[in-house]
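Summary of structural features
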Amino acid sequence: MTTTSSAPGKVYLFGEHAVVYGEPAVPCAIERRASVTVTERGDDRVRVSASDLSLDGFTVEYAANGDGQPDVDVPTPLIEAAMGYVEEALAQARDAAGRPDAGFDVEIESAIPLGAGLGSSAAVAVAGIDAATRELGAALDPVDVADRAYRVEYEVQDGQASRADTFCSAMGGAVRVEGDDCATVDAPDLPFVVGYDGASHDTGELVAGVRALREEFDFAADTVEAIGDLVRRGEDALAAGDLDTLGRLMDFNHGLLSALGVSSRSLDSLVWAARDGGALGAKLTGAGGGGCIVALAEDAGVETALSLSPDCEESFRAALATEGVRAE
Ligand code: PMV
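Residues numbered from 1 in each chain as written. Predicted model: local features only at pLDDT ≥ 70, side-chain atom pairs only at ≥ 80, totals over all residues. Heavy atoms only, no water.

**A closer look at the sheet that holds strand S11 (residues 292–296)**
Which entries qualify depends on this criterion: At least two bridges found by DSSP between two strands are what make those strands a pair. Under the DSSP-based scheme used, a helix requires at least four consecutive residues in state H or I and a strand at least two consecutive residues in state E, with every element numbered from the N terminus. Between N-to-C directions, angles span 0 to 180 degrees; the directions come from axes that are lines fitted to C-alpha atoms, helices contributing only their stretch in contact.
Across the sheet, 4 strands lie side by side as S10-S11-S9-S12; this open sheet has antiparallel pairing. At either end of the open sheet lies a strand with only one pairing partner, and these are strand S10 (281–284) and strand S12 (314–318). Direction aside, the axes of adjacent strands within the sheet are offset by 20° on average.

Here it is as C-alpha cells:
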C-alpha cells in the first residue's frame, strides 16, 4: 500500500517568541503545503527521499531500529534537521499503531521553504505522522496528530518548542495557542502576502537569544508581556474582522520583536517595502533572523513592491488554508 497526507505551513499573525513564555499566539495556516508519501517495507529499514525541500533532492537510507548512522548523500545541517523530524514522526506512527519494527519508504514534497518561519518542519511532521499511521492501518484524529507532532518538535528542538506550529498545521485556519491550551478561532479570509529573503534561521538559537535577553533585562521580560497584551487586542480585532487594526498591531508586533533582537536588516527592509507598497501592516513571521515576513494587503501592489526589493528572493500571496492535515 502507499499512503499520502499533506499539511499546510503557517504564518504568525501575532505572538511568536512570547508564546514560548506562556503568552498567547495566533498562527494562521496558509495554502503552501508539505506532502509526505509513505509505503510500508517488508523489512525494518527506512528510506527517505525529498524531491523538493527548496534544496537539491536527496536520499537517505537507514535502519528503523536506530542501529547505524543514516547514510546522507548531501550532509547539510538543514537536511540533517529535516531528517530528525522525519525519523521522530515515524517513531510516533509506530507507537500509535503498536508496530515498533515497521520500516518505510518515505517521499517528501514541500512547497514551504525550510527554516524560514513558515512552519516547514511542523508540516512535514504532521503529514508524516498522519500518512505513516494510516499506512499501518491505524487512524488518529487531527488533535492527536497535533499532539504527537508537538512531541516530535519537542524532541528534535531539545524542548524548545511551543504547540503553535504543529497545532496550526494539523487543524488549519487561524488558531490560538497559550501554553497547553490550543483552540481554533473564527477568522475572515485574511489577505496575506509573504516576502522571503532566501535565508534560513536556527529557531533554537534565536529562542535562546530571547531567553538570555529576558533574563538579563526586566524590560525585555516586559517586552514579552507587551506582546501578550498586543495579541489579546489582536484577537478582538480578528473576531471583528477589523483588518486596519490587525495591520497596525502587526506593525507594533514587528517593532517589539525587533527590540528583542530577532529581526534582521533584510527582514526590516522587506517589512518596509511591504508598508511602502500599501500594506495595512507587516511583520517578520516565525523565529526571525532571516526568512519570511508577512504583510496584510488587499492591494495587488504589495506583492510587486516586495518583489522589487533587492532583499526579496520570492513574494507570493498566501490564502488562509482552511483545511489542516488531509489524506491525499
Ligand atoms: O520559525 P519557526 O517556524 O520555527 O517558528 C518559531 C516560533 C517561535 O515562537 C520562535 C518558537 C516556537 O516554538 O513557538
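**Points about the domain arrangement of the chain**
Put simply, the rule is: Boundaries between domains were set according to an automatic or database domain assignment. Here a residue-residue contact requires only that any non-hydrogen atoms of the pair lie within 4.5 Å. Accessible surface is computed with a 1.4 Å probe, and the buried area is the amount of it that two parts give up when combined, taken over both parts together. Every case where a carboxyl oxygen of Asp or Glu lies within 4 Å of a side-chain nitrogen of Lys or Arg is listed as a salt bridge. Think of a polar contact as two N or O atoms within 3.5 Å of one another; within protein, one of them needs to be a possible hydrogen donor and the other a possible acceptor, and neighboring residues in sequence only count if both atoms come from side chains.
Domain annotation for the chain reports domain 1 (2–186) and domain 2 (192–318). Distance from the C-alpha centre of domain 1 to the C-alpha centre of domain 2: 24 Å. At the junction of the two partners, domain 1 supplies 30 residues and domain 2 supplies 40 residues. Both faces combined, the contact of domain 1 with domain 2 buries some 2,900 Å², and carbon together with sulfur accounts for 66% of it. Ranking the residues of domain 1 by area buried against domain 2 places Phe14, His17 and Tyr21 at the top, with a combined share of 26%. Between Arg176 and Glu235 there is a salt bridge, with the nearest N and O atoms lying 2.5 Å from each other. Linking domain 1 with domain 2 are 11 residue pairs in polar contact (both at pLDDT 80 or more). Going through the elements one at a time, strand S1 (3–14), strand S2 (26–40) and strand S7 (174–178) are the ones with two or more residues in the side of domain 1 that touches domain 2.

**Focus: empty space enclosed by the protein**
Let me state the cut-off plainly: Both cavities and pockets are sets of points on a 1 Å grid over the protein atoms alone; in a cavity a 1.4 Å probe fits but cannot get out, in a pocket the set is open with protein on both sides within 12 Å along at least five of seven lines, and lining residues sit with an atom within 4 Å of a point. Grid points are joined across faces, edges and corners, and a volume is the space filled by probe spheres set on the points. Any residue outside Ala, Val, Leu, Ile, Met, Phe, Trp, Tyr, Cys, Pro, Asp, Glu, Lys and Arg is labelled polar, Gly included; the first ten of those are nonpolar and the last four are charged.
A full pass over the atoms with the stated rule returns 1 cavity of 30 Å³ or more. Taken as a whole, the largest cavity spans an internal volume of roughly 40 Å³. Around the largest cavity, the lining residues are Val36, Val38, Val86, Ala89, Leu90, Val106, Val124 and Gly128. Broken down by secondary-structure element, the contributors of at least two residues to the lining of the largest cavity are S2, helix H1 (77–97) and helix H2 (120–135). Among the elements that line the lining of the largest cavity, the one with the most residues is H1, at 3 residues. When the residues that make up the lining of the largest cavity are grouped by side-chain class, the tally is 7 nonpolar, 1 polar and no charged.

**Here we look at helix H5 (residues 203–216)**
How we decide: The length a helix should cover is 1.5 Å for every residue beyond the first. Burial classes: relative accessible area under 20% of the type maximum marks a residue as buried, over 50% as exposed, and values in between as partly exposed (1.4 Å probe, protein chains only). Directions are taken from the helix axis to each C-beta atom, and the arc is the one they span.
In this model H5 runs 20 Å from its N-terminal to its C-terminal C-alpha over 14 residues, within 8% of the 20 Å that 1.5 Å per residue would give. Among the residues of H5, Leu206, Val207 and Val210 are the ones counted as buried. Buried residues along H5 cover an arc of 100° about the axis, so they all sit on one side. When the buried face of H5 is taken as reference, the exposed residues oriented beyond 90 degrees from it are Glu205, Glu215 and Glu216. By the N-cap criterion, in which a side-chain oxygen at the helix start approaches the backbone nitrogen of a residue two or three places on, H5 is capped by Asp202, the distance to Gly204 being 3.1 Å.

**Here we look at unusual backbone geometry**
Even without glycine at this site, His17 takes up a positive phi of about 70°. Tracing the chain through its elements places His17 in the loop between S1 and S2. Judged by relative accessible area, His17 falls into the buried class, the value being 5%.

**Describing the pairing of S7**
Direction of pairing for S7 relative to strand S8 (residues 181–185): antiparallel, over a ladder of 5 bridges. Note on S8: the bridge partner recorded for Val175 is Thr184. The antiparallel pairing of S7 with S8 creates a hairpin that spans 2 residues between the two strands, and Gly179 there sits at a positive phi of about 60°.

**Observations concerning the state of the cysteines**
Keep this limit in mind: Cysteine sulfur atoms that come within 2.5 Å of each other are treated as a disulfide pair.
Tallying each qualifying case throughout the model produces 0 disulfides. Cys28 forms no disulfide, and the closest cysteine sulfur to it belongs to Cys168, at a distance of 6.5 Å. Judged by its relative accessible area of 0%, Cys168 falls in the buried class.

**Looking at the side chain of Ser266**
Take Ser266: it is sitting in helix H8 (residues 265–276). Among the residues examined, Ser266 registers a relative accessible area of 18% and is labelled buried.

**A closer look at the site of the ligand**
Put simply, the rule is: Here a residue counts as near a molecule or strand whenever at least one of its heavy atoms sits within 4 Å of it. Values of accessible area rely on a 1.4 Å probe in the Shrake-Rupley scheme; residue burial ignores everything except the protein chains shown. Cavity and pocket membership follows a simple rule, namely that a molecule belongs there if more than half of its atoms are within 2 Å of the grid points.
For the ligand, the set of nearby residues contains 16 residues, the closest of which are His17, Ser162, His201, Thr203 and Ala287. At 3.3 Å, a side-chain N or O of Asp165 approaches an oxygen atom of the ligand. In the complex, 94% of the free accessible area of the ligand, which totals 380 Å², lies under the protein chains. According to the grid-proximity analysis, the pocket containing the ligand is the largest pocket. Residue assignment for the shell around the ligand shows that the elements contributing at least two residues are S1 and H5.

**Topic: the side chain of Ser169**
By secondary structure assignment, the location of Ser169 is in helix H4 (residues 164–171). We classify Ser169 as buried; its relative accessible area is 1%. Apart from the residues within four sequence positions on either side, Ser169 is in contact with Ala7, Pro8, Ala122, Ala123, Val126, Gly324 and Val325.

**A look at the pairing of S10**
Judged by which residues are buried, S10 turns out to be covered on both faces: Gly281 and Lys283 on one side and Ala282 and Leu284 on the other are all buried. Pairing geometry for S10 and S11, over 4 bridges, is antiparallel. Counted as the bridge partner of Ala282 is Ala295 from S11.

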